[in-house]
Amino acid sequence: MLNFLKSAGVLAVAALLLAGCSKSSSTSSGGTAPTLAAPTFTGPSSTSASADTSFGATYANSVAGLFNATSAAYLGFYSGNGTQSGNTWTWTYSQGGFTATWSATASGSSYDWKLVYNGTLEGVNYSNWTALSGTETTDGKTGNWAIYYPPTTVVAYQVTWSTASNGTLTGTIVANDSTGAEQLKYEFTNNSDKSGELKIYTGGTVLTLDVTWTSTGSGQWIEYDDQGVEIGAGSWT
């Protein structure tokens with residue numbers, strides 16, 4: 001689970017970095033800009049005080065927070081009206097010698113969006129570097145984005161989510177190494193009755209943690225080694 005903690009920490013830092021950019025000044029004009037809503041994931045509620053039995057609940061809530069922190073960071077770029085040209089809206093944020101340009105292009109019932117860096121940020125020089133790209137439906141129920149290793153074209157994280165007609169929300173985070181090879185995958189499910197499941201895979205295919213919980217917040221977890229052999233399990237109330 002150390003790999004999970006490391007990867008989650010890196011993605012959370014990336015989200016906070018983008019959130020910091022969203023607090024900078026921006027230009028605003030034109031018609032009504034896109035208003036998008038990111039998904040909100042929730043983990044199980046638990047009153048268990050045992051570190052052993054609440055292990056699964058802790059990880060599930062951590063991954064839910066990871067989804068939400070990342071989403072909240074990107075939402076800052078959509079506030080207010082951007083500069084409109086045709087069906088594309090653009091927001092520009094500047095701080096010192098650094099500029100972040102965010103754009104959203106309407107395409108049917110969805111928006112294609114991109115975040116581009118120029119200048120110097122934390123000692124790294126950028127020249128029209130795409131930090132993030134993706135697509136989201138106008139109602140925010142389905143979307144995907146790719147977050148890149150700076151300042152390269154290698155995808156560090158691929159995030160997707162979808163909301164079914166019955167209210168079930170599913171999301172996936174794929175974490176890659178610096179070569180683009182898949183290291184970890186997190187699959188999260190929120191059912192409409194507040195039950196859910198988290199699955200964590202290593203190498204994209206080996207299940208290492210499976211957490212399930214009921215609508216009341218109780219649940220169980222099973223942990224596996226990289227050969228698929230069960231090495232731990234527990235439950236909580």
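Given the structure is predicted, the values throughout are model-derived calculations rather than measurements. (Residues numbered from 1 in each chain as written. Predicted model: local features only at pLDDT ≥ 70, side-chain atom pairs only at ≥ 80, totals over all residues. Heavy atoms only, no water.)

A. Molecular detail of the overall build of the chain. Along the backbone of the chain there are two helices and 13 strands. Taking all 237 residues of the chain together, 41% fall into the buried category. When contacts within the chain are restricted to residue pairs at least 6 apart in sequence, long-range pairs at least 24 apart make up 40% of them. Surface accessibility of the chain: about 11000 Å² in total, with carbon and sulfur atoms responsible for 52%. (Helix = DSSP H or I, 4+ residues; strand = E, 2+ residues; numbered from the N terminus. Buried < 20%, exposed > 50% of the residue type's maximum accessible area, 1.4 Å probe, protein only. Contact = heavy atoms within 4.5 Å. Areas by Shrake-Rupley, 256 points an atom, 1.4 Å probe, with all protein chains shown as cover.)

B. Molecular detail of unusual backbone geometry. Residues Pro150 and Pro151 are joined by a peptide bond in cis, for which omega reads -15°. Take Pro151: it is sitting in the loop between strand 6 (142-148) and strand 7 (155-163). One non-glycine residue, Lys194, lies in the positive phi region at around 80°. Positionally, Lys194 belongs in the loop between strand 9 (182-190) and strand 10 (196-202).

C. Expanded view of the environment of Gly65. When you line up the elements, Gly65 lands in helix 2 (residues 55-75). When the C-alpha positions of Gly65 and Thr42 are compared, they lie 7.7 Å apart, and in sequence the two are 23 residues distant.

D. Structural context of the packing of aromatic side chains. Applying the stated rule across the entire model yields 14 aromatic pairs. Seen in terms of ring centroids, Trp102 and Trp113 are 5.2 Å apart; in terms of plane orientation they differ by 35°. Their pairing is tilted. A residue pair is termed long-range when its members are at least 10 positions apart, and Trp102 in strand 3 (residues 98-107) and Trp113 in strand 4 (residues 110-121) qualify at 11 residues. Across the pair, exposure class does not vary: Trp102 and Trp113 are buried alike. An aromatic cluster of at least three residues, connected via ring pairs, comprises Phe41, Phe67, Phe188 and Trp213. Here the guanidinium or amino end of Lys185 rests over the ring plane of Tyr201, the centre of that ring lying 5.1 Å away. (Phe/Tyr/Trp six-rings, centres within 6.5 Å; stacked < 30°, edge-to-face > 60°. Lys NZ or Arg CZ within 6 Å of the ring centre and 35° of its normal.)

E. Examining the pairing of strand 10 more closely. Relative to strand 10, strand 9 runs antiparallel, the two sharing seven bridges. Across the sheet, Phe188 pairs through a bridge with Leu198, a residue of strand 10. Counting the residues in the hairpin turn of strand 9 and strand 10 gives five residues, including Lys194, whose phi is positive at 80°. Note that strand 10 and strand 11 (residues 206-213) share seven bridges and pair antiparallel. Residue pairing in the sheet places Thr202 in a bridge with Val206 of strand 11. Counted along the chain from strand 10 to the antiparallel partner strand 11, the turn is three residues long, and its residue Gly203 has a positive phi close to 65°. (Pairing = 2+ DSSP bridges.)

F. View of the nonpolar core. Grouped together as the largest cluster of nonpolar side chains are 47 residues, with contacts concentrated most on Tyr117, Phe188, Leu198 and Val211. With eight residues, the single largest contributor to this core is helix 2. (Core = buried A, V, L, I, M, F, W, Y, C linked by side-chain atoms within 4.5 Å.)

G. Geometry of the pairing of strand 9. Sheet analysis places strand 8 (residues 169-176) next to strand 9, joined by eight bridges and oriented antiparallel. Note that in strand 9 the partner of Leu169 across the bridge is Asn190. Joining the antiparallel neighbours strand 8 and strand 9 is a turn of five residues, in which Gly180 adopts a positive phi near 95°.

H. The confidence of the model for the chain, seen in detail. Per-chain confidence: the chain averages 82 in pLDDT, with 77% of residues scoring 70 or above. Between residues 1-10, whose pLDDT stays under 50, and residues either more than four places distant or in other chains, the model counts 20 contacts. Scored below 50 in pLDDT, residues 19-30 shows 29 contacts in the model against residues more than four places distant or in partner chains. (pLDDT = per-residue confidence, 0-100.)

I. Quick peek at the environment of Gly219. With respect to the helices and strands, Gly219 occurs in strand 12 (residues 219-224). Considering only alpha carbons, one finds Gly219 and Trp236, 17 residues apart in sequence, at a separation of 5.5 Å. Beyond its immediate chain neighbours, meaning those up to four positions away, Gly219 contacts Thr212, Trp213, Ser235 and Trp236.

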